[in-house]
Amino acid sequence: MTDQVLNINEMFETIQGEGVYTGVPAIFVRLQGCPVGCPWCDTKHTWTLDENLIDSVDAVINKSEESERFFGISDLGLLALFEQQGYNAKHVVITGGEPCMYDLTGITELLHERGFTSQIETSGTFEAKCAQQTWVTVSPKVNMKGGYDVLTSALQRANEIKHPIAMQKHVDELDALLAGIDLTDKVVCLQPISQQARATELAIKTCIDRNWRLSLQTHKYVGIA
Ligand code: SF4
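Keep in mind the model is a prediction, meaning the values are calculated, not measured.

J.: What is the right way to look at the UniProt feature "binding site: [4Fe-4S] cluster" (unreviewed entry) in the chain in this model?
T.: Listed under "binding site: [4Fe-4S] cluster" (unreviewed entry) in the UniProt record, and renumbered for this structure, are C34, C38 and C41. Looking at the secondary structure, you find C34 in the loop between β2 (25–31) and α1 (57–61). Exposure remark for C34: the relative accessible area of 15% places this residue in the buried category. Aside from chain neighbours lying at most four places away, what touches C34 is T46, W47, G97, E98 and M101. Within the secondary structure layout, C38 lies in the loop between β2 and α1. The exposure class assigned to C38 is buried, which follows from its relative accessible area of 8%. Beyond its immediate sequence surroundings of up to four residues, C38 is in contact with K44, W47, K141 and M144.

See below:
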């Protein structure tokens, strides 16, 4: 366990919609803070870590729309909060923001001790510090405004590499990034951007050619968070 505070922007129970864990009931914990700067980011409200944005646990968990407000909590406090909320899911997805700005060793080890499985969704621009059993999903963010490189060590640690694609250039980018990475024990998932028909067609074809996995954002098809 660490005495690090986890700053949480959102927490809710749902179904994992993407990647290898698609369909699995999960508690999503969205951490505050990200310097990566993807222009199309759909969680820009998590970028700023400013103590003036700290709010109460109740206010953050029950907020009805996205906001920059967050609360800080310890590893043990978070587990107690899961219980208090009456969550049933036994899979915990730590996302962001960029969750690997935090040392997640303490919380992920605690989760596994308590019978949960854990997953981290990261951009690959920070080292993933977590339990050995944690499933690490890297969606590599290359050449973004923040100027962070995708780390080879993050790609090596990844269990799953999930890449959004719309055109062949995105597949080529991924190939360049993965050159020299041993993919033997990893799952590579291609995810068509915005459910576009051409992107889906390209993803299907490439997955079949390479024996990769197709990741559909199923939560968007069924209209859940
Ligand atoms: S890494 Fe994720 S949270 Fe950060 S800017 Fe990119 S998409 Fe947004």
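This is not the end of the story, as more comes after the structure.
J.: Would you mind showing me how to read the packing of aromatic side chains here?
T.: Across all of its chains, the model carries five aromatic pairs by this definition. Between the aromatic rings of F82 and Y87, the centroid separation amounts to 6.0 Å while the plane-to-plane angle is 50 degrees, which identifies the pairing as tilted. The residues F82 and Y87 share a single accessibility class, namely buried. Through a chain of ring-to-ring contacts, three or more aromatic side chains come together here, namely F82, Y87 and F116. Lying over the aromatic face of W212, R210 brings its terminal NZ or CZ to 4.7 Å of the ring centre.

J.: What should I look at first to understand a nonpolar patch on the surface in this one?
T.: Residues I15, Y221, V222 and I224 make up a contiguous nonpolar surface patch of roughly 380 Å² in combined accessible area. Within the secondary structure, I224 sits in the segment after α7 (218–222). Classification of I224 by relative accessible area gives partly exposed; the value is 37%.

J.: Would you mind showing me how to read the site of the ligand here?
T.: Neighbouring the ligand are C34, V36, G37, C38, W40, C41, T43, W47, G97, S123 and K141. Its residues assigned to classes, the shell around the ligand shows six nonpolar, four polar and one charged.

J.: Got a minute to help me understand the UniProt feature "binding site: substrate" (unreviewed entry) in the chain in this structure?
T.: UniProt records the feature "binding site: substrate" (unreviewed entry) at I15, Q16, G17, R30 and T95, using the numbering of this structure. Summarising the element assignment, I15 is placed in strand β1 (residues 6–15). Once residues lying within four places of it in the same chain are set aside, the contact partners of I15 are G23, V24, P25, A26 and I224.

J.: Sorry, what's going on with the pairing of strand β7 (residues 160–165) here?
T.: Remember that side chains alternate between the two faces of the sheet whenever the strand is regular. Counting buried residues along β7, five of its six residues qualify, which places the element largely inside the surrounding structure. Sheet topology note: the strand β6 (residues 135–138)/β7 ladder contains two bridges and is parallel. Its bridge partner lying in β7, V138 is registered against I161. In this fold, the crossover linking β6 to β7 by way of helix α4 (residues 152–157) has right-handed handedness. Bridge analysis of β7 against strand β8 (residues 187–192) gives six bridges, and the strand direction is parallel. Bridge assignment links E160 to a residue of β8, and that residue is V187. Handedness of the crossover is the feature at issue here: the chain leaves β7, passes through helix α5 (residues 168–178), returns alongside β8, and the resulting connection is right-handed.

Criteria and cut-off values
- Residues numbered from 1 in each chain as written.
- Predicted model: local features only at pLDDT ≥ 70, side-chain atom pairs only at ≥ 80, totals over all residues.
- Heavy atoms only, no water.
- UniProt positions renumbered as here; feature names shortened; annotations may be inferred.
- Helix = DSSP H or I, 4+ residues; strand = E, 2+ residues; numbered from the N terminus.
- Buried < 20%, exposed > 50% of the residue type's maximum accessible area, 1.4 Å probe, protein only.
- Contact = heavy atoms within 4.5 Å.
- Phe/Tyr/Trp six-rings, centres within 6.5 Å; stacked < 30°, edge-to-face > 60°.
- Lys NZ or Arg CZ within 6 Å of the ring centre and 35° of its normal.
- Patch = residues over 30% accessible without salt bridge, like charges linked within 9 Å, V, L, I, M, F, W, Y side chains within 5 Å.
- Areas by Shrake-Rupley, 256 points an atom, 1.4 Å probe, with all protein chains shown as cover.
- Salt bridge = Lys/Arg side-chain N within 4 Å of Asp/Glu carboxyl O.
- Near = heavy atom within 4 Å.
- Nonpolar A, V, L, I, M, F, W, Y, C, P; charged D, E, K, R; others polar.
- Pairing = 2+ DSSP bridges.
- Right-handed = clockwise from strand over helix to strand, strands pointing away.

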